[in-house]
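Summary of the model geometry
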Amino acid sequence: MQQTTLDITRIRKDFPILKREVNGNPLVYLDNAATSQTPKPVIDTIVGYYSNYNANIHRGVHTLAQEATDAYEKARIKIQNFFNAAKAHEILFTSGTTHSINIVANGFSSFLTKGDEVLVSAMEHHSNIVPWQMLCERTGASLKVIPMNPEGELLMQEFKGMLSDNTKLVVCNHVSNALGTINPIKVIISEAHAVGAAVLIDGAQAAPHIKVDVQELNVDFYTASAHKLCGPTGVGMLYGKEEWLTKLPPYQGGGEMIAEVTFEKTTYAGLPHKFEAGTPNICGGIAFGAALDYIKNIGIEAIAQYEHELLTYATDRLLSIEGVKIYGTSQEKTAVISFNIKGIHPYDIGTLLDKMGIAVRTGHHCAQPIMDYFKIPGTIRASFSFYNTKEEIDRFIDGVVKAKQMLS
Ligand code: C6P
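Here's a quick rundown of the structure. Bear in mind that the values here come from a model prediction, so they are computed numbers and not experimental data.

Analysis parameters
Residues numbered from 1 in each chain as written. Predicted model: local features only at pLDDT ≥ 70, side-chain atom pairs only at ≥ 80, totals over all residues. Heavy atoms only, no water. Helix = DSSP H or I, 4+ residues; strand = E, 2+ residues; numbered from the N terminus. Rg over C-alpha atoms; globule rule 2.2 N^0.38 Å. Buried < 20%, exposed > 50% of the residue type's maximum accessible area, 1.4 Å probe, protein only. Contact = heavy atoms within 4.5 Å. Areas by Shrake-Rupley, 256 points an atom, 1.4 Å probe, with all protein chains shown as cover. Phe/Tyr/Trp six-rings, centres within 6.5 Å; stacked < 30°, edge-to-face > 60°. Lys NZ or Arg CZ within 6 Å of the ring centre and 35° of its normal.

Focus: the overall build of the protein chain
The helix and strand inventory of the protein chain stands at 14 helices and 17 strands. Compactness check: the protein chain gives a C-alpha radius of gyration of 22 Å against a globular reference of 22 Å for 408 residues, within 12% of the reference. Judged by the C-alpha coordinates and their principal axes, the protein chain covers about 70 × 55 × 35 Å. The buried share among the 408 residues of the protein chain stands at 56%. Looking at the protein chain alone, contacts between residues at least 24 apart form 72% of all its contacts between residues at least 6 apart. Here the protein chain displays about 17,000 Å² of accessible surface, and carbon together with sulfur accounts for 52% of that area.

Focus: the packing of aromatic side chains
In this structure the tally under the stated criterion is 18 aromatic pairs. Their ring planes at 80° and their centres at 5.8 Å tell us that phenylalanine 15 and tyrosine 294 sit as a pair that is edge-to-face. Of this pair, phenylalanine 15 sits in the loop between helix H1 (8-13) and strand E1 (21-22) while tyrosine 294 sits in helix H10 (residues 282-298); the two residues are 279 residues apart in sequence, bridging distant segments of the chain. A single burial state applies to phenylalanine 15 and to tyrosine 294, both of which are buried. Among the aromatic residues, those joined into a cluster by ring pairs are Phe15, Tyr294, Phe386 and Tyr387. Against the face of tryptophan 244 rests lysine 247, its NZ or CZ located 3.9 Å from the ring centre. Taking NZ or CZ as reference, lysine 390 lies 5.6 Å from the ring centre of tyrosine 313, over its face.

Right under this line is the structure:
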């Protein structure tokens, strides 16, 4: 196995939280799919903003307002470059992936009617199911589910068979939060386009782990959340092709999204402001930019390669424990392991691991249809990041063995 070129010891020094103890043990943080930890340069950006140039943006002529506006718009360009969008105004600041998806689902109310179809994959997070169900209820369109196999891979032949002139939208995650599967989105996008359907890809779990190039993908809409990318919570992005964002009606009305307002009529601002009503999470947006700088400095390819090493190591070690079943065994995976131990409730393992200072997520991971597919109430999910180590995985495995002994 190729060894990483990353200096993990040095990288870990950037994350103050990794030094803390939990329940008398050094923290082992393996809940990165829920949210990533925050490095010092991002924390410093947040402190720097509130210490030096906290002001509302796009409004004031005073120096602080101009500095804040400048930093916020620079962050938009950093996001544009990270995802290789053609234009800065194709990047909208949102509160996160959930908000991003709702902007598109709401906008499509004007475009869909009875007889139209929205295809959604069987392995979606609730954020990429519920807004489309609501859209279908509003418009009379139907929601159709692209099936998957027991490995947690989409059935591509079935998907192709589902496409027709009625298909108006295809929505799918790039990476499943509950299974780790990397979906073949390039094929999905081109097949959907061949029948004239638009495609939204939920990139919440992909952007932190693999390279994303929205132009190369030729995707119509792509989403991400800063808090999974070493940034703060409450901020994210929606990429939309200019032609789509121009057509799409605004999601919320209010200040900043207008060109002119009278009591008779309002005209809307151009992109991206048409979709950015009200005072945004200014500090969050700027810190999102700093987080992307941090990840870019380390290198997303090096991150992907190292996290794959961690995935292989942890999978092999976990499978040596009797009674372990892993859900999500696709060849193409990011470093997420969802598993159960025969006869033991996932919650009990999660609780005992926490007593040992090991943070994992247990439950349905906001993806109940996946749990229903496997006929389980939930899983234990360990999700890794570039600052995790093999020693931490050893502690996690020892913890699982110990918890299993205690509960058997
Ligand atoms: N998944 C997890 O533990 P927000 O909450 O808007 O930043 O992201 C929602 C979301 C959408 N799609 C996918 C694939 C996701 O994984 C998530 C968030 C977290 O798996 C919290 S539920």
